[in-house]
Amino acid sequence: MFDSSIIPRLEEVVGKDRVLVRKTDMMTYSYDASFATQLEPKEPDVVVIPLSTEEVSQCTRLANEYKVPLYPRGAATGQTGGAVPIQGGIVMDLSKMNNILEIDHRNLQVIIEPGVVQADLNEALKAYQLFFPPDPGSAKMCTVGGMVSNNSSGLRAIKYGVTRQYVLGMEIVLPTGDVIVTGGQKSRALKSVSGYDLAHLMIGSEGTLGIVTRLRLKVLPLPKTRGLVLCAFDNLEDAGEAVQLVYRSGIIPSAIEIMDKYAIRAANKMLPELNLHEGEALLLFEVDGIKEVVSLQVKTISDAVSQYTNFVQFSDDPVECQNLWQARQVVGAAVGNLKPGGFRVYGGEDICVPFSRLPEALRRIQEIADSYNIICGIYGHVGDGNLHTAPVINMNNKTEIENAKKMIDDIHHLAIELEGTTTAEHGVGIVRAKYMDIEHGPAMELMRRIKKTVDPNNILNPGKMALPI
Amino acid sequence: MKLLTAEQSMEMCVRCGRCRDVCPTLDITGREADGPRGRVLMARSLLRGEIAVDEEIEHQLNRCMLCSACEDVCPVGVQVPEIVMAGKRKIQAEKQERGQERLWEKRLRNLVFERILPHQKRLQFVGHLLWLYQKSGLQWLTRKLGILKLFPESMRQMEAVLPDIPSPSERRPLPEFVQNKQGTTHGNETGAKTGRKRVAMFRGCIMDVMFRKTNLNSIHLLAESGFDVVTPDEQVCCGALHNHNGKRETTIELAKKNIEVFEQLDVDYIVSNAGGCGAMLKEYAELFRDDPEWLERAKTFCSKVRDISELIVQEGQLPKASGRGERVTYQPSCHLQYVMKVKDAPQKILQQVDQIEFVPLPESKLCCGSAGIYNLLQPEMANDVLDKKMTNVRKTQSDVIITANPGCLLQMKAGLYREGLTEQVQAMHIVDFLTESKSPATDHSADAKTSSSA
């Protein structure tokens, strides 16, 4: 049971203003962007908003002393319930720790607090012609701390990789309240193999092992221009072959995006002027770099894909690129229009399958959807086989909600069957915990033991990732 | 008109969080309940009857500035301000039913919203009283005697920055017709190109009392930019304040009156110089979803509504204007940029003025905290937002801060007053700035300076 005598102690640490206990506060800290918390919100008992490592540390120490669950949270834009308090207790909102502390541009690194929003970081880096590459669809709202905790990525992962590759070091508050720095206490090195790489244990641990309070991140030179090739295919398999051919031409695009026929239809519905060819698939190749190289790459890619389709558009002009990119930009919101009063469900939204099985995956997801009489659009990062499925339902129809849940379950099982994974970049949280044992087998036991060692009282984000409640 | 009703859009929120970054109140406190997602959930729960009407929920919904920044960025078009207002209407209705509305509050609301604002003559009378207060020495006396200390800080602030009200004789009705200056003086191709469009000036209610000079300047600026300008005297308040405060019926009455008045005129456009009013006019159709006859009339009306800077950029020709080397920044009006979707016209116009240096204002996407009468109702939050705004204004090292809405203008003045910057920085309506720039020698215009400090 929650021991409310912790509240005045928390108030001593951060002040009354930043300890929230009102009913409306509990309501509004009960969700993230997941379908699961739309259906079943989970309220905390208290919310704290710390502004410094010291405050985080002291609040965590108190949680450990009182044995109260503590749920670290960034902007709560996650789709897995990862930051949601399923056991009541404390939610720690870290979004106000959002200072960019240092842009060490000559050493290609930045030091920031965890609450900095990805887009704000990149805005600040622009002045130095640098950028932080991992760019999830939620770049304008997600915090970098949340990205690190979920090891998120995004469309440019094919060329630039995932968040993990950019974390040089981090300051972490452990479940006991102790503070450590990984990657060398004073290091500014861009590479290090000194000691166990603890940062990489923490990255993607979804706040179950520690709370990120400071990050040292690698950044890269900002590409000067980008070019796009948009092409449509009447046949899914042809789209797959086209991608293979582009690879064989020696190019690593910065993104390769796919939209299936329903996603294309949705985009056309929202913006009729796009006038996209409604075949089985639409591919968008993006390349970046200096202008001359970009122009050449755009030409090479469009030549390659032309062997499989006649519907090809390309450009290296910024304005035209923006127009071509619009289809991909609007699709996430546009799928809602597939049905009047449609609500886009985030569930089964992040599977990843081997590239060779993508056409099969796309077809079978649509078969699953048909079997439940649900309409859905599919889009995603074809470059690494990561598919975002978007079922659209009516939220006041109980049958549709139940069917959507079953459909989501089927999609996750399909991913495992096709030698893929249930989640490529969004995380496990509560919504994919039940697949962890199937995916990992005996390795799950070691994960539980690690958790027990680092967090003996099970204070931090308990009940997530199939770890003990 | 919008595809969905507010109530339908309320069901569409997937809580992606896109709105977090643009919300001025969330920016201050970081509390989810001070952000759009939280407000949608709270209002929705209230409207569905899942939670009861009480002081806490009322307080929470009242903290929304209704700036519409969230709706502007929402990928699925959730109409947050409308949803919050629907929640507030339910609270008001239920309080009335329970007889819980405080009597003085009810009377004051009634007086302002029903008895004064809809009646321009009565509002002008209030203007007379204000003028008398300022000119009779009463203002001097109250300030000297420190009587203002008895009032809350927000009222004192506003009193201090109140513009000099023009005398009753200076506030005679606006000219009914002003012919375009380009057509008559030049009669050249440019004049023909602008087509001597005929436009109607929407004068606003408070605007016309407090910022009469800006209205006059607007009419002349339009004429000099190539438009024939009519200003019907029968027009009434746009109803925005009523709508934001749950007075739906009065809003509809006012809208009908304005539609009637303006449809009798043969004009191409209806021009507003206040983002708040323009946005309301632009959304009249939303009021008549269930009234087919008025809906059509409202749609025609809405399609003609333009902001003054938008219209001049699109169809007019700004007369030659030149500054005196000053640094100028611009704080957008939220309703102008988020509801009317006029995002860069004011900057474009300012860039046509010679001899000024335009500096963009950091975080100009965030509301300044004026938000209608929000600054009087929620002074603490409004001042936090304002102080942050002023920190950004300081960063620009500007000599002039331009706005496009009377509420924003007063708020900027209040901000400068709080910061002790009234001597260094001027806050001006864009029309007044342009008027001053096109004729620097003559008219030193429209309450450019704050009427001294207390």
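Structure: see above.
Residues numbered from 1 in each chain as written. Chains lettered and ligands numbered in written order. Predicted model: local features only at pLDDT ≥ 70, side-chain atom pairs only at ≥ 80, totals over all residues. Heavy atoms only, no water.

**Student:** Tell me about the sheet that holds strand S9 (residues 426-429) of chain B, residues and numbers included.
**Tutor:** Residues and elements named next belong to chain B. The strand order across the open sheet built from four strands is S7-S6-S8-S9, with neighbouring strands paired in parallel fashion. Edge positions in the sheet fall to strand S7 (357-358) and S9, since each of these pairs with one other strand and no more. Pairing of strand S8 (residues 400-403) with S9 involves four bridges; the strand directions are parallel. Note on S9: the bridge partner recorded for Thr403 is His429. The strands touched by helix H25 (residues 406-419) within the sheet are S8 and S9, with S9 carrying the most contacts at an inclination of about 180°. (Pairing = 2+ DSSP bridges. Helix = DSSP H or I, 4+ residues; strand = E, 2+ residues; numbered from the N terminus. Contact = heavy atoms within 4.5 Å. Axes fitted to C-alpha atoms, helices over the stretch in contact; angles between N-to-C directions.)

**Student:** An account of the pattern of salt bridges is requested, with residue identities and associated values reported.
**Tutor:** Residue and element names in this part refer to chain A. Overall, the coordinates contain 64 salt bridges over all chains when judged by the stated rule. Two residues, Asp303 and Lys299, come together in a salt bridge whose shortest N-O distance is 3.1 Å. One end of the pair is Asp303 and the other is Lys299, both in helix H11 (residues 291-305) and four residues apart, which spans about a single turn. By relative accessible area, which is 43% here, Asp303 ends up partly exposed. (Salt bridge = Lys/Arg side-chain N within 4 Å of Asp/Glu carboxyl O. Buried < 20%, exposed > 50% of the residue type's maximum accessible area, 1.4 Å probe, protein only.)

**Student:** Describe the packing of helix H1 (residues 6-14) of chain A against helix H4 (residues 53-66) of chain A, with residues and values.
**Tutor:** What describes two packed helices is the angle between their axes and the distance between those same axes. All names here are of chain A. Closest axis-to-axis distance for the H1/H4 pair is 9 Å, and the angle between their directions is 165°. Viewed along their axes, H1 and H4 adopt a mutual orientation that is roughly antiparallel. Once H1 is placed against H4, the crossing between them reads as right-handed. For the pair formed by H1 and H4, the contact residues are Ile6, Arg9, Leu10, Val13 and Val14 on the first element and Glu55, Gln58, Cys59, Leu62, Ala63, Glu65 and Tyr66 on the second. (Parallel < 35°, antiparallel > 145°, perpendicular 65-115°, else oblique. Left-handed = near helix turned anticlockwise from the far one by under 90°.)

**Student:** I'd like to hear about the interface of chain B and chain A, residue by residue, with values.
**Tutor:** Contacts between the two partners involve 30 residues from chain B and, on the opposite side, 32 residues from chain A. Here chain B and chain A share an interface that buries about 2600 Å² over both sides, 54% of which is from carbon and sulfur atoms. Viewed at the interface, chain A and chain B are joined by three salt bridges. With its nearest N and O atoms 2.9 Å apart, the salt bridge here joins Asp54 of chain B to Lys23 of chain A. Only helix H2 (24-29), helix H3 (36-47) and helix H4 (55-62) of chain B provide two or more residues apiece to the side of chain B that touches chain A. Looking at which element gives the most residues to the side of chain B that touches chain A, the answer is H3 of chain B, with six residues. (Buried area = accessible area lost by both parts, 1.4 Å probe.)

**Student:** An account of empty space enclosed by the protein is requested, with residue identities and associated values reported.
**Tutor:** Residues and elements named next belong to chain B. Enumeration according to the criterion identifies five cavities of 30 Å³ or more in this entry. Looking at the largest cavity, it is lined by 15 residues, and the ones nearest its centre are Cys23, Arg39, Cys64, Cys67 and Cys70. Among the secondary structure elements, those contributing two or more residues to the lining of the largest cavity are H2, H3, helix H5 (69-73) and helix H6 (80-97). Class assignment of the residues belonging to the lining of the largest cavity gives a composition of twelve nonpolar, two polar and one charged. Those elements giving two or more residues to the lining of the second largest cavity turn out to be H2 and helix H24 (379-396). In terms of residues, the lining of the second largest cavity owes the most to one element, H24, which gives four residues. Tallied by class, the residues present in the lining of the second largest cavity amount to five nonpolar, one polar and four charged. (1 Å grid on protein atoms, 1.4 Å probe; cavity = no way out; pocket = protein on both sides within 12 Å on 5 of 7 lines; lining within 4 Å. Points joined across faces, edges and corners; volume = space filled by probe spheres on them. Nonpolar A, V, L, I, M, F, W, Y, C, P; charged D, E, K, R; others polar.)

**Student:** So, the side chain of Thr423 of chain A: which residues are in play, and what are the values?
**Tutor:** Residues and elements named next belong to chain A. Its place among the elements puts Thr423 in the loop between helix H14 (398-417) and helix H15 (436-440). On the basis of relative accessibility, which here comes to 16%, the residue Thr423 falls in the buried class. Among the polar contacts listed, one links the side chain of Thr423 to the backbone nitrogen of Gly427, at a separation of 2.9 Å. Setting aside residues up to four positions removed in sequence, Thr423 forms contacts with Asp350, Val428 and Arg432. (Polar contact = N/O pair within 3.5 Å; in protein donor to acceptor, adjacent residues only side chain to side chain.)

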